[in-house]
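Summary of structural features
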Amino acid sequence: MSFPVAISGMGSVTCNGIGPEILWNSVIEEKSGVTAGLGRVSESSVRGLKDLHPEAASHSPAVLFAYAASKQAMKQAHWGSLNDTDGLILATTTGQISSWEDSLIAFLKNSDHAEPFQHSFRHQALGLTLNNLGELLNFKGHSLLLTSACSAATQAIALATLWIQSGKVKRCLVGGSEVLSTLTVEGFKSLQLLSETPSTPFDLHRSGINLSEGSAFLCFEKQSDQPLAYLSGYGFSTDAYHLASPHPEGKGSFRAMSAALKTAKLDPSQVSWVHAHGTGSKANDQAEGIAIQQLFNPDKTLNTETPWVSSTKNIHGHALGASGAIEAVLCVQSLQNCLIPNTTGLLTPDPNIQVKHPPSMIKGAYRHLIKNTLGFGGNNASFVMSNAQEWGRA
Amino acid sequence: MRIAILGTGTSNHHKLDPFTEIKLKPSFRKASLNMKMGYQSIREACRNFSHLDECGFVLGTSYGEIENTKEFLKNFATTGVARPILFQSSLHNGTLGFLALELSIFGPTFTVSQHHFTGEHALSLGIDLIRGGLVPACLVTTVDIMSPALLSILERMYPPHLKWKDGAASFIISTETKAKEWGIKPLAFLDSVECMPDAKIPPEVNIGEFNDSNALELLSRVIQEKLGELILQKPDRSFSRITWSHVTT
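Bear in mind that the values here come from a model prediction, so they are computed numbers and not experimental data.

**Things to note about the overall build of chain B**
Scanning chain B for helices and strands turns up ten helices and ten strands. Relative to the 2.2 N^0.38 estimate, which gives 18 Å for 249 residues, the radius of gyration of chain B is 18 Å and therefore close to what a compact globule would have. Principal axes of the C-alpha set define a box for chain B whose edges measure 60 × 45 × 35 Å. Put simply, chain B has 249 residues, and 52% of those count as buried. By sequence separation, contacts in chain B at least 24 residues apart represent 80% of the contacts at least 6 residues apart.

**Details of the overall build of chain A**
What chain A contains, in helices and strands, is 13 helices and 15 strands. What you see for chain A is a C-alpha radius of gyration of 20 Å, in line with the 21 Å of a compact globule of 394 residues. If you line up chain A on its principal axes, its C-alpha atoms span 65 × 45 × 40 Å. By the burial criterion, 65% of the 394 residues in chain A qualify as buried. Contacts in chain A between residues far apart in sequence, at least 24 positions, make up 81% of those at least 6 positions apart.

**Thoughts on the confidence of the model for chain B**
Averaged over all residues, the pLDDT of chain B equals 88, while 95% of them reach at least 70. Both scores are given for the predicted complex: the pTM is 0.96, the ipTM 0.95.

**Regarding the pairing of strand S9 (residues 229–238) of chain A**
Residue and element names in this part refer to chain A. Burial within S9 is extensive, with ten of its ten residues counted as buried. Here three bridges tie strand S1 (residues 5–14) to S9, and the two strands are oriented antiparallel to one another. Of the residues in S9, the one forming a bridge with Ala-6 is Tyr-230.

**A word on unusual backbone geometry**
Apart from glycine, the bulk of residues carry a negative phi angle, and the bulk of peptide bonds sit in the trans form. Positive phi, normally seen in glycine, also occurs at Lys300(A), with a value near 60 degrees. Positive phi is not limited to glycine here, since Ser104(B) has a value of about 55 degrees. Tracing the sequence through the fold places Ser104(B) in the loop between helix H6 (94–103) and strand S3 (109–112). A count of 10 C-beta atoms within 10 Å places Ser104(B) in the exposed class.

**A closer look at the interface of chain B and chain A**
Contact residues are listed per partner, giving 49 residues for chain B and 48 residues for chain A. Broken down by secondary-structure element, the contributors of at least two residues to the side of chain B that touches chain A are helix H4 (66–79), helix H5 (84–90), H6, S3, helix H7 (118–131) and helix H8 (148–157) of chain B. Looking at the side of chain B that touches chain A element by element, the count peaks at seven residues for H4(B). Of the residues belonging to the side of chain B that touches chain A, the class tally is 22 nonpolar, 20 polar and seven charged.

**Details of the pairing of strand S5 (residues 142–146) of chain A**
Looking along a regular strand, one sees side chains alternate from face to face of the sheet. All names here are of chain A. With four of five residues buried, S5 lies mostly within the body of the structure. Across five bridges, strand S4 (residues 86–91) lies against S5 in parallel orientation. Across the sheet, Ala-91 pairs through a bridge with Leu-146, a residue of S5.

**Comments concerning the environment of Pro298(A)**
Mapped onto the secondary structure, Pro298(A) falls in the loop between helix H10 (282–296) and strand S11 (308–310). On a C-alpha basis, the gap between Pro298(A) and Pro358(A) in space is 19 Å, while along the polypeptide they are 60 residues apart.

**As for the packing of helix H9 (residues 251–264) of chain A against H10(A)**
Residue and element names in this part refer to chain A. Interaxial distance between H9 and H10 falls to 8 Å at its minimum, and their mutual angle equals 45 degrees. The orientation of H9 relative to H10 falls into the category oblique. In this structure, H9 meets H10 at a crossing whose hand is right-handed. Contacts between H9 and H10 involve Ser-253, Phe-254, Met-257 and Ser-258 on the former and, on the latter, Ala-287, Glu-288, Ala-291, Gln-294 and Leu-295. Considering only residue class, the contact of H9 with H10 consists of five nonpolar, three polar and one charged.

**Details of the environment of Gly378(A)**
Within the element layout of this structure, Gly378(A) appears in the loop between strand S14 (368–374) and strand S15 (379–387). The spatial distance from the C-alpha of Gly378(A) to the C-alpha of Leu130(A) is 24 Å, given a sequence separation of 248 residues. Once residues lying within four places of it in the same chain are set aside, the contact partners of Gly378(A) are Thr238(A), Asp239(A), Ala240(A), Tyr241(A), His242(A), Gly252(A), Gly97(B), Ala100(B) and Leu101(B).

**Details of helix H4 (residues 101–109) of chain A**
Residues Glu101(A), Leu104(A) and Phe107(A) constitute the buried set of H4(A). For H4(A), the arc enclosing every buried residue in end-on projection is 120 degrees, short of the 170-degree limit, so these residues lie on one face.

**Observations concerning the nonpolar core**
Looking at soluble globular proteins, one finds that nonpolar side chains tend to be buried together. Counting residues in each nonpolar core, the largest one holds 182 residues, and the members touching the most others are Ile7(A), Ala156(A), Leu218(A), Ala325(A), Cys138(B) and Ile173(B). Once residues lying within four places of it in the same chain are set aside, the contact partners of Ala325(A) are Ala91(A), Ala153(A), Ile157(A), Gly175(A), Gly176(A), Ala216(A), Phe217(A) and Leu218(A). By size, the runner-up hydrophobic cluster in this structure holds 14 residues, among which are Trp100(A), Phe107(A), Leu183(A) and Ala82(B).

**Considerations on the packing of helix H3 (residues 33–45) of chain B against H6(B)**
Residue and element names in this part refer to chain B. One way to put it is that H3 packs onto H6 with a least axis distance of 9 Å and a crossing angle of 45 degrees. Relative to H6, H3 is oriented oblique. Handedness of the H3/H6 crossing: right-handed. Residues Asn-34, Met-35, Gly-38, Tyr-39 and Ile-42 of H3 pack against Thr-95, Phe-98, Leu-99, Glu-102 and Leu-103 of H6.

**Some thoughts on the environment of Gly7(B)**
Residues and elements named next belong to chain B. Among the secondary structure elements, Gly-7 is positioned in strand S1 (residues 3–11). The exposure class of Gly-7 is buried, given the 21 C-beta atoms found within 10 Å. Considering only alpha carbons, one finds Gly-7 and Leu-33, 26 residues apart in sequence, at a separation of 22 Å. Once residues within four sequence positions are removed from consideration, Gly-7 is found in contact with Ala-45, Cys-46, Arg-47, Asn-48, Phe-49 and Ile-172.

About the thresholds
Residues numbered from 1 in each chain as written. Chains lettered and ligands numbered in written order. Predicted model: local features only at pLDDT ≥ 70, side-chain atom pairs only at ≥ 80, totals over all residues. Helix = DSSP H or I, 4+ residues; strand = E, 2+ residues; numbered from the N terminus. Rg over C-alpha atoms; globule rule 2.2 N^0.38 Å. Buried ≥ 20, exposed ≤ 12 C-beta atoms within 10 Å, placed from the backbone. Contact = placed C-beta atoms within 7 Å. pLDDT = per-residue confidence, 0-100. Pairing = 2+ DSSP bridges. Nonpolar A, V, L, I, M, F, W, Y, C, P; charged D, E, K, R; others polar. Axes fitted to C-alpha atoms, helices over the stretch in contact; angles between N-to-C directions. Parallel < 35°, antiparallel > 145°, perpendicular 65-115°, else oblique. Left-handed = near helix turned anticlockwise from the far one by under 90°. Arc of directions from axis to C-beta. Core = buried A, V, L, I, M, F, W, Y, C linked by C-beta atoms within 7 Å.

Below, the structure written as structure tokens:
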């Protein structure tokens, strides 16, 4: 049952702009979409999306972003529409909250504001994000909404693969959508995790993360005439250590990546790039760095078989539940363009994180990468993505 | 592959009072009601089960940690102070993180949410994980509370006969083979979980007490009554259908 699943389309809406191309160009040009510590989708992008998709203009930003990214992905995959044998999996953690938190605050201060709050409350349940997206896509097949914090989209991508492998669906549209909100911005600030400048993952002087918003979707199918890449393995684990901090030795993350390699039937030496979660927080980068080092260079020697490790979050920020999908789009582009990005902003590598940082963009075709994610609540998820030529012959 | 139900448990806020473990354990001091009810329902489901270390874990919740979210935002709006303890518990995944920590669950864990069909989706994902070979067994827990401050709003949104209530339920599911290996006699075998969000049935069924994730709670009741089909009408008259068969050997 474990066979690689083809990725045939992708779309994105990020603080860098609309579409995967602008996202990838931002990465290779090292042009961060983060302003004042946050990665917001610009007002002009939102206006452009509403003009392009008037049918979704009245929905919440999370739904609008998700719909726009879905339509891009489906267009590239030549999927005219979704049918009953397809699947739809969405990941988000607070996608709907921005629509009601202002009215909630007003209502809690003054009960005279019950009516606007009542209206917004009707639309705040996270499940409605998926319902609304499904209605816009006229979709009636199997669907799922994952809210497992920052690992949600990586989990969603893995489960889309599982659904196709198990025959539950023939094709699956999968992605994540996230919107900046008072809850997340002030909440992360209260944990002293936010950086006011673009993040510098794995740097000795890193000062925190940049929250961002946006959406990305990918089309998965058993076989494709024009696969962009293949999803060839996945793994999950839980830290059971702390609600908001990863296991300091990265034990859970190590197990998730190990499981992903196992389902892909690969040795660590066959992986060329670890696209790290790399948020820029002290605890995340340290824990993830230990996990990567222990899996890929347990003897702490860096050689030609040791994979490059980098994070792209300086460029697009950390879109929480959508981050795994946004970074999956970059994984596809890295394989297609034969380029492994370096970590923008990394000037002084933290000596306690003993991984192989690309000094600059690494050029050359390669076969496999692993995408890693850690999340609040201790959820870890990883997937292995492989070059289309690698599996296309199978 | 037949999916066996090995244990069920339920909880609600009335049931929590006599539960001394939750009262006495220091780790529960700052736990939310979702976390406490979820924990109690799991303990009840696991009364004859000692293999949680081999399980995956799916948690379903529609409103998530809405009370913590409300308190966080209220506190921030009125005092300008954002309280980290409220924030880390305010995300949907907070309940799962707490329960995984309390129960030492290290396998695959997922939080899902699907409005009126949250319970059904959680159960379906548990089945998917087993059938996909990711885990030999899965703990599926659903939990929802309604903040007193928000309940009045919710009640105004739906017909008067619908009474919102809190509640949690947990199921342990596995394969028939694994159940035999563990020497556990299944309560029943799940045959199908179907959601029909677009279908409408006449409003003759009195839903009574309801929350978005209470499918498992209702299922646990009727499985013990040995019925083979449960049709669950939702507030918008859509419905789900869960079928199971009984142990015949």
